[in-house]
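# Summary of the model geometry
Here is what each chain is made of, one letter per residue.
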Amino acid sequence: MIEVFDQRIVGPERCFAAWPTLARCRKSRELFAVCSAQRHYHVCPYGRVHLWRSADEGRTWTGPSALTQGPLDDRDAGMVEAADGSLVVTWFSSRSFETLLHQAFDPSGPYTREELVQWAAIRDALDEETRTRELGCWAVVSSDGGETWSEKVDTVVGSPHGPILLSDGRLFYAGKFSTGGELGYKGGPYQGRIGAAESLDHGRTWRELSEITPMPEHRALEYHELHAVEAADGRIIVQIRNHQEPHRCELLQTESFDGGHTWAQLRTTGLWGYPSHLVRLGNGNLLCTYSHRREPRGNRVAISTGHGVTWSQPVELTSGGGKDFGYPSTVELDSGDLLTLWYDRQPHERDARLHLLRWRLRA
């Protein structure tokens, strides 16, 4: 059973803010939230990664700080605290807005002719060298608690909620491999391989670690938005959003028993929805939070008491949700309460807002 204590809207107003990640510092106990903000639509050229922080467990927030100023659309912000206390924020840059410029203008669509003319001007102002250099998967690092940030570095892979910290001190990042500046899937920087990268210097450099083999009936190109967790027995679990039959829109899962170097055969969890965010709770159980984009719509949670071998039946965390919503991420507070952050755009509204829920699992 879920007991809800508080729900509120946080973050920016009068823009499309989406794909957020919630993180908590071990030492300061501060909360951080990152997302792609400053946007006009789900797809547009204006996205920038913004950061907020809270010293009172999410009741009030300061910010935002804009962490990116690149010439492309910055999307899918993730965040993690490294073993040395550094803060690492990840995202990918996209040229997907350009694909809309090749379509005939549709007066019934969401974009005005004037907006598309502005987008074309942004595209045309970029030379090919800049377009290649800026397309990719990135991270910035702060060693002073988020006051200042490094230049961006290539993370090799990308995925919405970013990397995780392993017990051996490595940062581990499950995702889709970058194209290295070549235009990839739907105008993004992704190729048809999935797997993991690692950082041995707290997010400052990254290298490819391993590749995950698709199910026999599947193509890795139709796998998206991976996320990982390290279970209490040391195995690393990765879940994947799947866009093909069989098991379409079910969360797929694989495990590694050697630190992410090799992977078990992918299988379905039976959980319908996407994408997932995984976290290990203080009692050792694993929590999977994800969005359910068919009726009844809303966010769902499932629990594993056995290191991810099996998952409970999903439980409704929130109900409702517009056509464009989800990407929940969750952190556990010292009290045992849980905080979940997601985004939602209601029907007939252009803006999307960030929602924060404080709740607790009851037996």
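To keep things clear, this report deals only with the structure shown in the data block. Note that the structure is predicted; figures quoted are calculated from it, not measured. (Residues numbered from 1 in each chain as written. Predicted model: local features only at pLDDT ≥ 70, side-chain atom pairs only at ≥ 80, totals over all residues. Heavy atoms only, no water.)

### Points about the overall build of the protein
Each helix and strand in the protein was counted, giving three helices and 25 strands. The C-alpha atoms of the protein give 19 Å as radius of gyration, which agrees with the globular expectation for 363 residues (21 Å, within 12%). Based on the C-alpha atoms only, the size of the protein along its principal axes is roughly 55 × 45 × 40 Å. Long-range contacts, defined here as pairs at least 24 residues apart, represent 53% of the contacts in the protein between residues at least 6 apart. Per element, the accessible surface of the protein, about 15000 Å² overall, is 49% carbon and sulfur. (Helix = DSSP H or I, 4+ residues; strand = E, 2+ residues; numbered from the N terminus. Rg over C-alpha atoms; globule rule 2.2 N^0.38 Å. Contact = heavy atoms within 4.5 Å. Areas by Shrake-Rupley, 256 points an atom, 1.4 Å probe, with all protein chains shown as cover.)

### Remarks on the packing of aromatic side chains
Scanning the model with the defined rule gives 12 aromatic pairs in all. With a centroid separation of 6.4 Å and an interplanar angle of 40 degrees, the aromatic rings of Phe-16 and Trp-19 are classed as tilted. Both residues of the pair, Phe-16 and Trp-19, belong to the buried class. Summarising the aromatic geometry, the rings of Tyr-327 and Tyr-343 are spaced 6.0 Å apart at their centres and angled 40 degrees between planes, so their arrangement reads as tilted. (Phe/Tyr/Trp six-rings, centres within 6.5 Å; stacked < 30°, edge-to-face > 60°. Buried < 20%, exposed > 50% of the residue type's maximum accessible area, 1.4 Å probe, protein only.)

### Re the nonpolar core
With 21 residues, the main nonpolar core has Leu-22, Leu-339, Leu-341, Tyr-343 and Leu-354 as its most contacted residues. The set of elements that each furnish at least two residues to this core consists of strand E2 (16–24), strand E3 (31–39), strand E23 (324–332), strand E24 (338–345) and strand E25 (353–361). With five residues, E2 is the largest single contributor of residues to this core. Those residues in contact with Leu-339, other than ones at most four positions away along the chain, are Leu-22, Leu-31, Glu-57, Ser-329, Thr-330, Val-331, Leu-333, Leu-356, Leu-357, Arg-358 and Trp-359. Residues Met-215, Tyr-223, Leu-226 and Ala-228 belong to the second largest nonpolar core, which totals 19 residues. (Core = buried A, V, L, I, M, F, W, Y, C linked by side-chain atoms within 4.5 Å.)

### Details of helix H2 (residues 113–124)
Helix length check: H2 (12 residues) gives 16 Å between terminal C-alpha atoms against 16 Å at 1.5 Å per residue, within 8%. Taken as a whole, H2 has its buried residues at Glu-115, Leu-116, Trp-119 and Ala-120. Each buried residue of H2 sits inside an arc of 140 degrees when the element is viewed along its axis, so together they form one side. Counted as exposed and oriented over 90 degrees from the buried face of H2: Glu-114, Val-117 and Asp-124. At its buried positions, H2 is contacted by helix H1 (97–101). (Expected span 1.5 Å × (residues − 1). Arc of directions from axis to C-beta.)

### Some points on the sheet that holds strand E16 (residues 236–242)
Ordered in space as E15-E16-E17-E18, the four strands form an open sheet in which the pairing is antiparallel. The open sheet has two free edges, formed respectively by strand E15 (223–230) and strand E18 (267–272), since each of these has just one partner strand. Sheet twist, expressed as the average angle between the axes of neighbouring strands with direction ignored, equals 30 degrees. Here three bridges tie strand E17 (residues 250–256) to E18, and the two strands are oriented antiparallel to one another. Bridge pairing links Leu-252 to Thr-268 in E18. (Pairing = 2+ DSSP bridges. Axes fitted to C-alpha atoms, helices over the stretch in contact; angles between N-to-C directions.)

### Re the layout of surface pockets
Considering only enclosed or pocket space, the largest pocket measures out at about 1100 Å³ in volume. Lining the largest pocket are 36 residues; nearest its centre among them are Trp-19, His-42, Val-43, Arg-75 and Tyr-327. Looking at the lining of the largest pocket, the elements that each hand over two or more residues are E2, strand E6 (73–81), strand E7 (87–94), E15, E23 and E24. Looking at the lining of the largest pocket residue by residue, the classes come out as 14 nonpolar, 10 polar and 12 charged. Empty space within the second largest pocket amounts to approximately 830 Å³. Around the second largest pocket, the lining comprises 28 residues; the ones closest to its centre are Arg-24, Val-80, Leu-165, Val-279 and Arg-280. Sorting the residues of the lining of the second largest pocket by element identifies E2, E6, strand E11 (164–165), E15, strand E19 (276–280) and E23 as the ones contributing at least two each. Residue classes in the lining of the second largest pocket are distributed as 15 nonpolar, six polar and seven charged. (1 Å grid on protein atoms, 1.4 Å probe; cavity = no way out; pocket = protein on both sides within 12 Å on 5 of 7 lines; lining within 4 Å. Points joined across faces, edges and corners; volume = space filled by probe spheres on them. Nonpolar A, V, L, I, M, F, W, Y, C, P; charged D, E, K, R; others polar.)

### Section: the pairing of E19
For E19, the tally of buried residues reaches four of five residues, placing the bulk of the element in the interior. Pairing analysis gives five bridges linking E19 to strand E20 (residues 286–292), with the strands arranged antiparallel. For Arg-280, the partnering residue across the bridge sits in E20 and is Leu-286.

### A few points about the side chain of Ser-93
Relative to the helices and strands, Ser-93 resides in strand E7. A distance of 2.3 Å separates the side chain of Ser-93 from the backbone oxygen of Glu-134, its partner in a polar contact. In contact with Ser-93, other than residues within four places in its own chain, are Leu-72, Asp-73, Asp-74, Glu-134, Leu-135, Gly-136, Trp-138 and Pro-189. (Polar contact = N/O pair within 3.5 Å; in protein donor to acceptor, adjacent residues only side chain to side chain.)

### Comments concerning the side chain of Asp-344
Counting through the fold element by element, Asp-344 comes out in strand E24. The side chain of Asp-344 sits in the buried core without any salt bridge; Arg-297 is the nearest counter-charge, 7.4 Å away. Here Gly-322 takes part through its backbone nitrogen, which lies 2.8 Å from a polar atom of the side chain of Asp-344. One polar contact links Asp-344 to Gln-346, side chain to side chain, over a distance of 2.6 Å. In this view, Asp-344 contacts Gly-321, Gly-322, Asp-324, Phe-325, Asp-351, Ala-352, Arg-353 and His-355; residues no more than four positions away in its chain are not counted. (Lys, Arg positive; Asp, Glu negative; His and termini not counted. Salt bridge = Lys/Arg side-chain N within 4 Å of Asp/Glu carboxyl O.)

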